Amino acid sequence: MTEKTANKRVRYLDAAKGLGLYLVMFGHITTIGGNAIDNWSKTFKLAIFFIISGWLIAYKGSFENTQIVPFIKKKARGLMIPYFWFSLIAILYQAFFLRMKGILMPKYKKLMWDTIYQAISCRGISALWFLPALFIAELLFVLLLRKKGWLRKTIAAVAALSVTLFLSRCFPILEGKFSEDTYMYISYPLLAIAKGITGFFFMILGYGGCRVLSHIKISNIRLAVGAAATILNIIL
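Residues numbered from 1 in each chain as written. Predicted model: local features only at pLDDT ≥ 70, side-chain atom pairs only at ≥ 80, totals over all residues. Heavy atoms only, no water.

(A) The arrangement of the packing of helix α1 (residues 11-29) against helix α3 (residues 47-60) in detail. One can describe the packing of α1 onto α3 by two numbers: an axis separation of 10 Å at closest approach and a directional angle of 165°. Between α1 and α3, the crossing angle belongs to the class labelled roughly antiparallel. Note that α1 runs across α3; the crossing there is left-handed. Contacts between α1 and α3 pair Tyr12, Leu13, Ala16, Lys17, Gly20 and Leu21 from the former with Ile48, Phe49, Ile52, Trp55, Leu56 and Tyr59 from the latter. Grouping the amino acids of the contact of α1 with α3 by side-chain chemistry returns 10 nonpolar, one polar and one charged. (Axes fitted to C-alpha atoms, helices over the stretch in contact; angles between N-to-C directions. Helix = DSSP H or I, 4+ residues; strand = E, 2+ residues; numbered from the N terminus. Parallel < 35°, antiparallel > 145°, perpendicular 65-115°, else oblique. Left-handed = near helix turned anticlockwise from the far one by under 90°. Contact = heavy atoms within 4.5 Å. Nonpolar A, V, L, I, M, F, W, Y, C, P; charged D, E, K, R; others polar.)

(B) Broad picture of the pattern of salt bridges. Considering all chains together, one arrives at four salt bridges under this definition. Residues Lys75 and Glu138 are paired through a salt bridge, measuring 2.8 Å at the closest nitrogen-oxygen approach. With a gap of 63 residues between them, Lys75 in helix α4 (residues 68-100) and Glu138 in helix α6 (residues 130-145) connect regions that are remote in the sequence. We classify Glu138 as buried; its relative accessible area is 7%. With a closest N to O distance of 3.9 Å, Asp181 and Lys110 form a salt bridge. Of this pair, Asp181 sits in helix α8 (residues 180-214) while Lys110 sits in helix α5 (residues 105-120), and the two are 71 residues apart along the sequence. Among the charged side chains, a salt-bridge network with shared partners connects Lys110, Glu180 and Asp181. (Salt bridge = Lys/Arg side-chain N within 4 Å of Asp/Glu carboxyl O. Buried < 20%, exposed > 50% of the residue type's maximum accessible area, 1.4 Å probe, protein only.)

What follows is the structure in structure tokens.
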């Protein structure tokens with residue numbers, strides 16, 4: 001747990017983030033329908049970033065003393081300000097190229113409003129959903145789990161998973177009950193919240209994983225734990 005480079009970076013976490021980035025890029029550039037590698041990597045390639053976030057909180061070991069207001073300001077500057085800037089660029093890009101394609105005005109306005117609402121609801125335009133999801137997840141983690149105790153964290157993990165599964169079942173029901181526009185207004189913010197809560201669950205897993213492995217000093221046992229987790233992931 002102390003393996004760092006000269007500039008204090010944790011090499012195995014950098015390697016994990018690098019693997020996640022490569023798998024995300026692989027999924028976007030792959031044109032082979034339903035390839036097995038991408039289907040498997042979807043189970044963890046985005047979750048890994050939330051796990052690393054929780055792992056780093058445990059690794060630093062000082063989040064119980066985190067001041068809430070400075071923390072929110074810091075995360076807003078690092079995540080939400082870039083989110084809205086990149087969303088603005090995406091909206092302007094959409095506006096320009098839809099006009100270039102000669103989209104008629106009624107449809108143009110509808111497509112543009114859909115894009116704008118994706119941004120302001122924090123559902124996110126394309127891959128930009130990740131930034132507000134991470135912001136919500138880290139905010140929930142610090143607000144709810146600053147006090148020590150594994151019981152609190154276990155209950156939070158079970159609750160987060162339950163809420164996520166419940167919301168995922170709600171979307172098809174809502175889609176069947178409401179018009180397309182009404183469903184959009186309801187589902188976009190719910191989707192942002194659901195992804196944030198899902199990220200919160202994976203952050204707890206990362207936090208717990210770091211705490212558990214910090215007590216395991218024998219490298220072979222750590223390797224066995226990692227291999228078991230990988231096999232379990234493949235099975236599930």
